[in-house]
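Chain residues, written in single-letter form:
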Amino acid sequence: MRTAFGIRPTRRRFLAGAGVAAAGLSFLPRAALAGEEPRLNFYNWDTYIGETTLADFKAQSGIEVRMDLYADNDELFARLRAGNPGYDVIVPTNDFVERMIAADMLMPLDHTAIPNMANIEPAFRDVAFDPGRRHSIPYMWGPMGIGYRKSRCDGVPDSWRWLYDSDRYSGRCALLSEAGTVLGAAFKYMGHPLNTIDPKLIEAAERLIVAQKPHLRLFAPDNGQDLLLSGEVDIAMEWNGDILQAMAEDDDISYVVPREGSILWEDALAIPQGAPHPDNAHAFLNFILDAEVGAAIAETIRYATPNAAARALLPESYTGNPGIFPSEETLAACEPALYRGQEAARLYEAAWTRIRAA
Amino acid sequence: MDPDSSGLTAGAGTGRRPERQRGRRRAGLLPGFAALGSGLWFLLFFLAPLAFVWVFSFGRQEGLIDIELAWTLDNYLRALDPLYLDILLRSIWLAGLTAAVSLALGLPVAVGIAFAPARWKPLLLLLVVLPFLTNLLIRTYALIAVLRTKGYVNAVLGWAAEWLGLPFEPLPLLYNDAAVVIGLVYVHMPFMILPLYAALERMDRSLVEAALDLGASRARAFWTVVVPAALPGVFAGTILVFVPALGSYLTSDLLGGADSQMIANVIERQFKRANDWPFGAALSLLLIYAAFGTLALRPALARRWRGPR
């Protein structure tokens, strides 16, 4: 889901920038870190950090970062559920931040150790899934939407209808294969809130998708961009960053956020309970929120940054890209996925099993 | 290495070579150690983890991370819902089809290797095993490249059609149940070929010669001499293919279409997205019982086939 967009030549400018940042940040209280060995265990998505970010952090703070990778939030949660195996910083998506707070799996943040929180855009400073940002800082965000092959689609397929309620692209379309996402977008199409937990509405969404199933080529395990590139499908539900990557390889591929609205995701940095190096982790979070560092990361991985100071440093080709930063109207119709509770999770999963078996 | 000191050959060695008294005594102890070792292995890496799964299956998910050991049967009642039984039956059908196709393709290969000149055999066996040494995920992705609309199969068919002057529409080979069975057969083929080969290797070749000398056609000799000799390998191979195929989820995830859901996919989701370990544990045990049932079928089948003779 979080594959990199590829490295741009423009990134070179930031190598110099990052050096400046390292110098500028050397006022950080090294004494505060004296109590901990200079190590940090970072558990992150693949290709989801700047090229030199970790090396720059080491140059600036002396802390060696060891990064492990995971493929989805479920893997992260299942790994930490039975106790933290030694990670200091993790990157859960918003609904999992909420879940992990509910399960007391995240350490409350010491905001005084993260002065760069001032760089965060106001809209991201207080969020429903983490009131007052007590447990997480925003890392990257974006809307999920529809990727499509322009030459094989009639106009811009800017509605969920083409994937959920139409035979126009029969045998050439794909939905994702995750219950919350697929049912959530069905709710948006039906005019309900994204996080609906009413069993009757879940059933109605189930009927809608079962009726559409004969026209679906597959429920894609998060590889919609590959399916579009290889011509297996012409229209697919997918996360924006993945499609942006495909667009860079193939001019005929484009991306749209449906007018009914969509799922807004935000990945956040957090410190799990039991982290062996919490002070180093705070220093790392503060480093990531630095303007130059944040800009270098955003330039590399091409997701929307919630860091206003970093955004101000970035070129128009990034800030003006509607695939990265959607328009205001589009955003107004989007909602973040919330943790819907264990009972709702069970209902969703049972509906999903029936959909797949139908 | 002294052949008598290995647990595997100890039994045969002691019988034939009584003059090696010391070796014999040592060999007498080794099977005991071997049994102890495999017993410990079985206990530590099979029974103990399975006991956890078994206990979980009677639990109840409380909140996000706690499992209350309630000794409830609710998970099993849910698992016995026709929805899940249908998915299990579907998985049994796909795994059975996989075993059947593997047998149909594997038997000629095994016969070919068994009757090949001795100096070719190691190479031929290596060719069977070699793909097996490659990571399952990589092999599955390779199969995607072969089967997809713009893949190698369609490219070859397209050239052939062009050469013959026929119209050609690429075949939808990927993302359906057929693709899942192809994937499972591809992955499990060595498990079929190797036991078949082992059974055929033990066969007395002079029986084939006798059948041919006595006027049997080649086909008749194959069916009345070679196939019965291969039967133990057929049973072993079928089980070795069927059981892992029944529990596979990666293949159906990556190659399957909108309908291709196997029971292991449902189980995986209970442990991850649904975060309902007790229910996932109950479903896993259902799958394990189905696999044990298959193992129990083996002696019964073997008796039935050997019966008349």
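The model shown is predicted, which means the values in this text are computed figures rather than measured ones.

Definitions and cut-offs
- Residues numbered from 1 in each chain as written.
- Chains lettered and ligands numbered in written order.
- Predicted model: local features only at pLDDT ≥ 70, side-chain atom pairs only at ≥ 80, totals over all residues.
- Helix = DSSP H or I, 4+ residues; strand = E, 2+ residues; numbered from the N terminus.
- Rg over C-alpha atoms; globule rule 2.2 N^0.38 Å.
- Buried ≥ 20, exposed ≤ 12 C-beta atoms within 10 Å, placed from the backbone.
- Contact = placed C-beta atoms within 7 Å.
- Nonpolar A, V, L, I, M, F, W, Y, C, P; charged D, E, K, R; others polar.
- Pairing = 2+ DSSP bridges.
- Core = buried A, V, L, I, M, F, W, Y, C linked by C-beta atoms within 7 Å.
- Expected span 1.5 Å × (residues − 1).
- Bend = angle between axes of the 7 residues up to and from the residue.
- Domains from an automatic or database assignment.
- Axes fitted to C-alpha atoms, helices over the stretch in contact; angles between N-to-C directions.
- Parallel < 35°, antiparallel > 145°, perpendicular 65-115°, else oblique.
- Arc of directions from axis to C-beta.
- pLDDT = per-residue confidence, 0-100.

With that out of the way, let us pick up the overall build of chain A. Broken down by element type, chain A carries 16 helices and ten strands. For 358 residues, the compact-globule estimate of 2.2 N^0.38 gives 21 Å, and the C-alpha radius of gyration of chain A, at 21 Å, lies within 12% of that figure. C-alpha extents for chain A along the principal axes are approximately 65 × 45 × 30 Å. The buried share among the 358 residues of chain A stands at 53%.

A few words on the overall build of chain B. If you tally the helices and strands in chain B, you get 13 helices and two strands. Looking at chain B as a whole, 30% of its 309 residues qualify as buried. Counted over contacts in chain B with a minimum sequence separation of 6, partners at least 24 positions apart contribute 66%.

A word on the interface of chain B and chain A. Contacts between the two partners involve 25 residues from chain B, matched on the other side by 25 residues from chain A. Tallied by class, residues from the side of chain B that touches chain A come to eleven nonpolar, six polar and eight charged.

Moving on, we come to the pairing of strand β6 (residues 216-220) of chain A. All names here are of chain A. Counting buried positions along β6 gives five out of five residues, so the element sits mostly inside the fold. By the bridge criterion, four bridges tie strand β5 (residues 173-176) to β6 in an arrangement that is parallel. Bridged to cysteine 173 within β6 is leucine 216.

What follows deals with the nonpolar core. Membership of the largest hydrophobic core comes to 167 residues, with the highest contact counts inside it found for Ala174(A), Leu196(B) and Leu283(B). Ranked by residue count, the leading element in this core is helix α8 (residues 177-202) of chain B, at 16 residues. The residues touching Leu196(B), leaving out its near neighbours within four places in the chain, are Gly106(B), Leu107(B), Ala110(B), Ala230(B), Gly233(B), Val234(B) and Gly237(B).

We now examine unusual backbone geometry. Residue and element names in this part refer to chain A. A positive phi angle is found at arginine 133, which is not glycine, with a value near 55 degrees. For arginine 133, the position within the fold is in the loop between α5 (94-102) and β4 (136-149). Residue arginine 133 is classed as partly exposed on the basis of its 18 C-beta neighbours within 10 Å.

We now examine the pairing of strand β7 (residues 235-239) of chain A. Two faces make up the sheet, and in a regular strand the side chains alternate between them. Residues and elements named next belong to chain A. Counting buried positions along β7 yields five of five residues, so the element is predominantly enclosed. Burial along β7 is two-sided: Ile235, Met237 and Trp239 and Ala236 and Glu238, pointing in opposite directions, are all buried. Sheet analysis places β4 next to β7, joined by five bridges and oriented antiparallel. Each bridged residue has a counterpart across the sheet, and for isoleucine 146 the counterpart in β7 is methionine 237. In the sheet, β5 pairs with β7 via two bridges, with the strands oriented parallel. Paired with cysteine 173 across the bridge in β7 is isoleucine 235.

With 29 residues, helix α10 (residues 218-246) of chain B ought to run about 42 Å at 1.5 Å a step, yet its terminal C-alpha atoms sit only 36 Å apart, falling short of that. By the largest-angle criterion, Leu231(B) marks the main kink of α10(B), which is about 50 degrees, and a proline, Pro232(B), follows within four residues.

Residues and elements named next belong to chain A. What the domain assignment reports for chain A is domain 1 (9-141 + 265-319) and domain 2 (142-264 + 325-357). When each unit is reduced to the centre of its C-alpha atoms, the spacing between domain 1 and domain 2 is 29 Å. The partner domain 2 presents eleven residues to the 15 residues of domain 1 that form the contact. For the side of domain 1 that touches domain 2, the secondary structure elements donating two or more residues are α5, β4 and β9 (263-270). For the side of domain 1 that touches domain 2, the class distribution of residues is eight nonpolar, two polar and five charged.

Residues and elements named next belong to chain A. Within the secondary structure, threonine 305 sits in the loop between α12 (291-301) and α13 (308-313). Given 28 C-beta atoms within a 10 Å radius, threonine 305 is considered buried. C-alpha separation for the pair threonine 305 and tyrosine 139, spaced 166 residues apart in sequence, amounts to 6.7 Å.

Another point: the packing of helix α7 (residues 179-189) of chain A against helix α16 (residues 342-357) of chain A. Residues and elements named next belong to chain A. Running from N to C, α7 and α16 cross one another at 90 degrees; their axes reach a closest spacing of 9 Å. One element, α7, and the other, α16, form an angle in the roughly perpendicular class. Each of Ala179, Gly180 and Leu183 in α7 lies in contact with α16, whose residues at this interface are Tyr348, Glu349, Ala351 and Trp352.

Residues and elements named next belong to chain A. Compared with an ideal rise of 1.5 Å per residue, which puts 14 residues at 20 Å, helix α8 (residues 199-212) spans 20 Å between its outermost C-alpha atoms and is within 8% of the ideal. Those residues of α8 that sit buried are Ile202, Ala205, Glu206, Ile209 and Gln212. The buried side chains of α8 occupy one side of the element, clustering within an arc of 125 degrees when seen end-on. Those residues of α8 that are exposed and angled more than 90 degrees off the buried face are Lys200 and Ala211. On its buried face, α8 sits against α6 (161-164), α7, β6 and α16.

So, on to the confidence of the model for chain A. Confidence in the prediction for chain A averages 88 pLDDT; 91% of positions are at 70 or higher. In the predicted structure, residues 1-33 of chain A sits below a pLDDT of 50 and forms 60 contacts with residues beyond four places in sequence or in another chain.

All names here are of chain A. Locating tyrosine 70 in the fold gives a position in strand β2 (residues 64-70). Classification of tyrosine 70 by C-beta neighbours within 10 Å gives partly exposed; the count is 18. Sequence separation between tyrosine 70 and serine 170 is 100 residues; the distance between their C-alpha atoms is 34 Å. Setting aside chain neighbours within four positions, we find tyrosine 70 in contact with Tyr43, Trp45, Glu75 and Leu76.

In this section: the confidence of the model for chain B. Residues and elements named next belong to chain B. Scored by pLDDT, chain B has a mean of 85; 89% of the residues are at 70 or more. Put simply, helix α1 (residues 10-16) is where chain B has its lowest mean pLDDT, 40, and helix α4 (residues 82-114) is where it has its highest, 95. Under a pLDDT of 50 for its full length, residues 1-21 has, in the predicted model, 21 contacts with residues more than four places off or in other chains. With pTM at 0.81, the complex prediction returns an ipTM value of 0.80.

This brings us to the environment of Trp265(A). Residues and elements named next belong to chain A. Tracing the backbone shows tryptophan 265 in strand β9. As a C-alpha pair, tryptophan 265 and aspartate 95 span 170 residues in sequence and 8.5 Å in three-dimensional space. Look past the residues within four positions of tryptophan 265 in its chain and what remains in contact with it is Thr93, Asn94, Trp141, Gly142 and Met144.

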